[in-house]
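# Survey of secondary and tertiary structure
Each chain is listed here by its residues.
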Amino acid sequence: MRRALDALVQLGVPALLVVAVGLVATTVSASNKVYFENALVSVAVVVAIYVFVGNSGVLSFGQISFVAVGAFAAGVMTVPLESKQGVLSTLFPLLRDHTIGNVPSLLLGAGLGGLFAFVVGLPLMRLNGLAAGIATFAVLEITHNVLQQWTKIGPGATTLSLVPETTGPLQGTVGALVVIAVAFAYQRSRLGRQLRASREDSAAAAGVGVHVHVQRLWAFTLSGALAGFAGALLVHQLGSITTEQVYLEVTFLTLAMLVIGGLTSLWGAVVGALAVSGLDSFLSQAEQGVHVLGLKLDLPSGTRLVFLAAIMAVVLILRPSGLTGGREARLPWPWRRG
Amino acid sequence: MILGVLDFQTLTDAVGLGAIYALMAVGIGLVFGVLRLVNFAYGQLVMAGAYTLAYTSAWPLAASILACFGVVVGLALAMETAVFRPLRGQSPAVMLVTTFAISFLLQAIALILDLRNGQLGEVAASLTTLAQPISIAGAQVREITLVELGVAIGALLLLALLLLRTTIGLHTRAAASDFRTARLLGVRANRVIPASVALSGLIAAAVAVMMTVQAPLVTPDFALRETIVVLVGVVVGGIDRLWTATLGGFAIGFVSGLINGLLPTDKTVYLPSAVFALVILVLLLRPEGLFAWGRRAAVPDRV
Amino acid sequence: MAEPAVELESVEVRYGAVAAVRGLSLRVGEGEIVGLIGPNGAGKSTTLNAIMGVVHPHAGDIRLRGSSIRKRSPESIARRGLALVPEGRRIFAEFTVEENLRLGLASGRKRNGGNPLDRAYELFPVLRDFRRRPAGALSGGQQQQLAIGRALVSEPEVLLLDEPSLGLAPLAVESVFEALRGIREHGVTILLVEQRALHAVALADRTHVLVGGELRLTLNRTDAGDTDKIVSAYLSS
C-alpha cells in the first residue's frame with residue numbers, strides 16, 4: 001500500500017506538472033505559447049536522455065543523434081507530397097514519393113531512433129567513463145556529418161521546412177507524458193533496477209550475474225527510441241529544422257538540464273528541463289522588458305545567454321546533486337509519515 | 001603513391017598543427033591529472049587570449065603578448081577559485097557539465113564585448129608577418145610553422161624539466177597519481193592545483209598567440225572546435241597520463257593537418273565521419289588509450 | 001601530568017548511517033608505543049584516518065598536544081608532526097625510491113642539517129642501494145620499509161602505522177617490528193594498528209582491543225604470553 005502510494009507520487013507528480021504546463025500553454029497568447037511547447041518537448045528529450053544516462057551512470061553525448069534521426073525522419077516523411085517533389089527532389093524515390101500521417105511519423109521516429117541506438121550500442125556499450133563519452137560524441141559527429149551531406153535521405157545542409165506543425169499544447173503534453181510513463185515503467189522493471197544497481201557498483205552487479213553490457217544496451221536502445229520520438233515531436237513543433245539545431249549546442253544544453261535537475265532521478269530530468277526552459281523563456285522576455293512583481297525588468301539585449309549560463313553554473317556549483325538532489329518526487333513531509 | 005603528393009609544406013603544416021594540439025592537450029591533461037576534471041572551457045581561455053591580442057594590437061608587440069598571458073592566467077586562476085575548487089570531489093559528469101556552462105558564459109560575454117562596435121569579429125594582426133612563407137633548403141615553409149615547432153618543443157621540454165626536476169613538479173606528479181596519499185604526506189592541494197591551473201593557462205596563452213597568426217579573425221567561438229578535437233585526441237591517446245594525452249593531441253592534430261593538405265576539398269565531405277569512425281574503432285580496441293601500453297585500468301582518486 | 005601526544009575523546013565516525021567508531025577515547029603519551037588491535041571492520045583504520053584528517057569525526061575531539069585537530073586537513077596535520085604509514089603502503093610505484101622519500105618532505109617541517117633522507121637510509125640501508133630504481137620494483141618488505149622511511153624523513157613527532165606487516169613474509173615482518181623498536185629509541189611516539197595481535201602486544205606499552213568501533217579491553221606487555229586473554233577479547237563481540 002505504502003509502496004504503491006510512493007510509486008503513484010513518483011509518476012503522478014511529474015505527470016501533473018507536465019499537464020499543468022500544457023494547460024497554461026492553452027491560455028496564453030500565441031506568441032508566448034511557443035515557450036510552453038518548447039518546454040514540453042525539452043521534457044521529452046531530457047527524460048529520453050535520462051533513461052540511459054541517469055539509470056546507467058554513463059555519460060553519453062550521443063543521444064541527440066537519435067533526436068536528429070527522429071526529427072529528420074518524421075519531418076521528411078510528413079512534408080506534403082506536392083511540395084516535397086519540388087524542394088526535396090534529390091531524395092530516394094521511396095522517400096520522395098510517399099508521405100505519412102502525424103502519428104505514424106512519431107512512431108517512425110521512435111522506431112528509427114531505437115534501431116539506430118541498438119546498432120550503435122552493440123559495440124559501444126562495452127566502454128566506460130570518458131571513453132564511452134567520447135565514443136558517443138563520435139556518433140553525434142558522424143550523424144551530423146551524414147545528415148548534412150547525404151541529400152538522398154534529407155535536405156542536406158539546407159533547411160527542412162513545410163513540416164506540419166502538429167505539436168501544439170495537446171501533442172506536446174501527451175508526448176511528454178508518454179516518454180515519462182515509459183521511463184518510469186522501465187526504471188521500476190527488473191531490467192531497470194539491475195542497471196541502476198550496476199551504476200552504484202558495476203563489479204558487484206557483475207558478480208551477482210548482471211550482464212552490465214546487455215543491461216546498458218537495453219537502456220541505450222530504449223533511450224534512443226524515446227529520443228527519436230522526442231525528435232519527431234520537436235520537428236512538428238518547429239515546422240522547419242536544420243542539422244545545426246540537433247547538434248552540439250542542444251547536446252550540451254539538454255545534458256545541463258539533466259544535471260541541474262538531478263542526474264539520477266526521473267523527477268530531476270523533468271524539473272531540470274522545465275526549470276532551464278522556463279528560465280530561458282523568462283530571460284528572452286526580459287530582453288524585451290517584462291513586469292515582475294510590479295518592477296519593470298529590462299535586460300540589455302544579448303545578455304540572455306550570459307544570465308542563462310551564469311545561473312546554470314551557479315546552480316551546479318551550489319547544488320551539485322541537482323535541484324531535486326537526484327531523488328524522486330515525494331509527498332511533502334506531513335503526509336510522508338505512517 | 002601517397003608520398004608522391006606529400007610535399008614538404010603539407011608535412012610541416014601537419015607537424016605544426018600537431019604541435020599546437022599537443023600543447024593544448026598538455027593544458028587539458030595537467031588539470032585533469034590533479035582534479036580529474038575535463039575542462040571543456042579550456043578553449044575559452046585561448047579565446048580570451050586571442051581577444052586580448054586583438055584589442056591590444058596597437059600596443060608594442062611584447063606588451064600585447066604580455067597582456068595576453070596576464071589575462072589568460074588570471075582567468076584560469078579565477079576559474080579555479082570560483083568553479084573548480086567548490087566542485088572538487090564531485091562526480092565527473094557534474095564537473096564537466098559545469099565547465100560547459102562556463103564555456104557558454106565566456107562565449108556569451110565575448111559576444112557582447114565583440115558586438116560593441118556593431119560587427120562580429122576582431123582582428124589580431126600584430127604577428128601575421130609570421131604567416132609569410134620563407135625558403136628553407138629550397139622548400140617553402142611558413143615561418144609560423146617553425147615558430148610553432150620551436151615554442152611547442154621548448155614548452156614541452158620546460159614542462160618536463162619542471163615536472164621531473166623540481167619539488168613542485170614532484171608534488172604535482174604525486175597528486176596526479178594518488179592525491180589522497182600525497183595529501184597524507186603533506187602535499188598541499190591548495191598549492192598544487194592552482195599551480196597546475198596557472199601552468200595550463202600559460203600554455204593556453206601561448207596557443208592563443210600561435211593560433212592568431214594562422215587565423216587572425218577572432219570570434220567568440222575561437223578555439224572551440226579545436227578544443228573539442230583535442231579532447232577527443234586526449235582521450236584516444238590516454239588521458240590518465242600526461243605524456244599519452246600529449247601524444248594523443250599531437251596525433252589528432254598531425255592527422256588532421258595531413259588530411260587537409262592531401263585531399264581536395266570536394267572529397268572531404270564525409271571525412272569527419274571517417275575520422276570519427278576511426279576514433280570509435282581505436283576506443284573499442286584500446287579503451288585505456290592508444291598509447292597507454294601495458295597499463296591496468298586506472299582507479300580515479302578524487303580529492 | 002604532561003599533555004598526552006595524541007588524545008581522542010569520545011570520538012564517533014560514521015559512514016552514512018553506519019557508525020564505524022563509537023565513543024572512542026584513548027591517549028598516547030609522549031614517547032609511548034600504543035597498539036590497537038581487533039577483528040576486521042572494528043574501526044582501527046578509521047581511527048587512524050580520523051586522527052590524520054582523512055575522515056572527520058561527527059562527534060568528540062582529537063587533540064595533538066592539547067590543541068584540537070579534528071577539523072584540519074590531512075596536509076595541515078602532516079605539517080604539525082603526524083605521519084601515517086597507510087594500509088597497503090601506498091607507495092608511488094612509478095616514481096624512484098628517492099622520489100618517494102622526497103615526497104615525505106612535502107610536509108615542510110623544520111629539520112636539522114644534513115641530507116634529510118639519511119634518516120631513512122640509516123634505518124633501511126637497502127633503500128640507499130636502490131634509490132634510483134622505481135619503487136614498484138622493490139619486494140613487498142622493501143616497499144613497506146620505503147613507506148615507513150617516507151614517513152620518517154619528515155621527522156614526525158607521532159607516527160601512525162596501519163597494519164605494516166600485512167602481506168609480508170615472516171622474515172620481513174620481524175624486520176618491520178625491529179625497525180619500530182629502533183624508531184622508538186629516537187623518541188618518536190607510535191600508534192600501531194596491527195592484525196598480528198601477539199606481535200603488537202609484545203611491542204607496545206599498552207594495546208587496546210577495538211571491537212565494533214568500541215574499546216573492549218586494554219592489554220599490557222605482560223599479557224603477551226596470555227593467548228587466551230587476547231583470543232577471548234577478540235571473540236567477545
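Just above sits the structure.
About the cut-offs
- Residues numbered from 1 in each chain as written.
- Chains lettered and ligands numbered in written order.
- Predicted model: local features only at pLDDT ≥ 70, side-chain atom pairs only at ≥ 80, totals over all residues.
- Heavy atoms only, no water.
- Helix = DSSP H or I, 4+ residues; strand = E, 2+ residues; numbered from the N terminus.
- Rg over C-alpha atoms; globule rule 2.2 N^0.38 Å.
- Buried < 20%, exposed > 50% of the residue type's maximum accessible area, 1.4 Å probe, protein only.
- Contact = heavy atoms within 4.5 Å.
- Areas by Shrake-Rupley, 256 points an atom, 1.4 Å probe, with all protein chains shown as cover.
- Pairing = 2+ DSSP bridges.
- Axes fitted to C-alpha atoms, helices over the stretch in contact; angles between N-to-C directions.
- Buried area = accessible area lost by both parts, 1.4 Å probe.
- Salt bridge = Lys/Arg side-chain N within 4 Å of Asp/Glu carboxyl O.
- Polar contact = N/O pair within 3.5 Å; in protein donor to acceptor, adjacent residues only side chain to side chain.
- Core = buried A, V, L, I, M, F, W, Y, C linked by side-chain atoms within 4.5 Å.
- Nonpolar A, V, L, I, M, F, W, Y, C, P; charged D, E, K, R; others polar.

We now examine the overall build of chain B. Counting its regular elements, chain B contains twelve helices and four strands. At 19 Å, chain B has a C-alpha radius of gyration in line with the 19 Å of a compact globule built from 303 residues. Taken along the three principal axes of its C-alpha coordinates, chain B extends 60 × 50 × 35 Å. Each of the 303 residues in chain B was classed as buried or not, and the buried ones make up 53%. If you take every contact in chain B between residues at least 6 apart in sequence, the share linking residues at least 24 apart comes to 77%. As displayed, chain B has an accessible area near 12400 Å², and 69% of this comes from carbon and sulfur atoms.

Our next topic: the sheet that holds strand S5 (residues 67-68) of chain C. Residue and element names in this part refer to chain C. Ordered by their spatial adjacency, four strands build an open sheet running S2-S1-S4-S5, and the pairing between neighbours is antiparallel. The open sheet has two edge strands with one neighbour each: strand S2 (18-28) and S5. Bridge analysis of strand S1 (residues 6-15) against S2 gives seven bridges, and the strand direction is antiparallel. When the sheet's bridge partners are listed, Arg14 is paired in S2 with Ala19. Set on the sheet, helix H1 (residues 44-52) makes contact with S1, S2 and strand S4 (59-64); between it and S1 the angle comes to about 110 degrees.

The next thing to look at is the interface of chain B and chain A. How big an interface is tends to be stated in terms of the accessible area lost upon association of its parts. Each partner contributes residues to the interface: chain B has 39 residues there, and chain A has 37 residues. Of the roughly 3100 Å² buried between chain B and chain A on both sides combined, carbon and sulfur atoms contribute 85%. Counting the surface chain B buries against chain A, the share from its top three residues, Val97, Phe104 and Tyr270 of chain B, is 16%. Our enumeration of links across chain B and chain A arrives at one salt bridge. For Glu141 of chain A, the salt bridge identified is with Arg225 of chain B, shortest N-O distance 3.0 Å. On inspection of chain B and its partner chain A, the count reaches five residue pairs in polar contact (both at pLDDT 80 or more). Among the secondary structure elements, those contributing two or more residues to the side of chain B that touches chain A are helix H4 (61-87), helix H5 (92-114), helix H10 (224-237) and helix H12 (271-285) of chain B. A total of 13 residues in the side of chain B that touches chain A trace back to one element, the largest contributor, which is H5 of chain B.

Ranked by internal contacts, the top residues of the largest apolar core, which has 188 residues, are Val43 and Val47 of chain A together with Leu283 of chain B. With residues near it in sequence (within four places) discarded, Leu283 of chain B still touches Leu127, Ala131, Ile134 and Ala135 of chain A together with Val235 and Val236 of chain B.

Turning our eyes to something else, we now look at the interface of chain C and chain B. The interface is formed by 21 residues belonging to chain C together with 22 residues belonging to chain B. Its largest share of buried area at the contact with chain B, chain C owes to Glu75, Arg90 and Phe92 of chain C, together 29% of the area lost on that side. Among the salt bridges present, the one from Arg241 of chain B reaches Glu94 of chain C, with a minimum N-O distance of 3.1 Å. Summed over the shared surface of chain C and chain B, the result is seven residue pairs in polar contact (both at pLDDT 80 or more). The set of elements that each furnish at least two residues to the side of chain C that touches chain B consists of H1, helix H2 (74-79) and helix H3 (97-103) of chain C. Class assignment of the residues belonging to the side of chain C that touches chain B gives a composition of ten nonpolar, four polar and seven charged.

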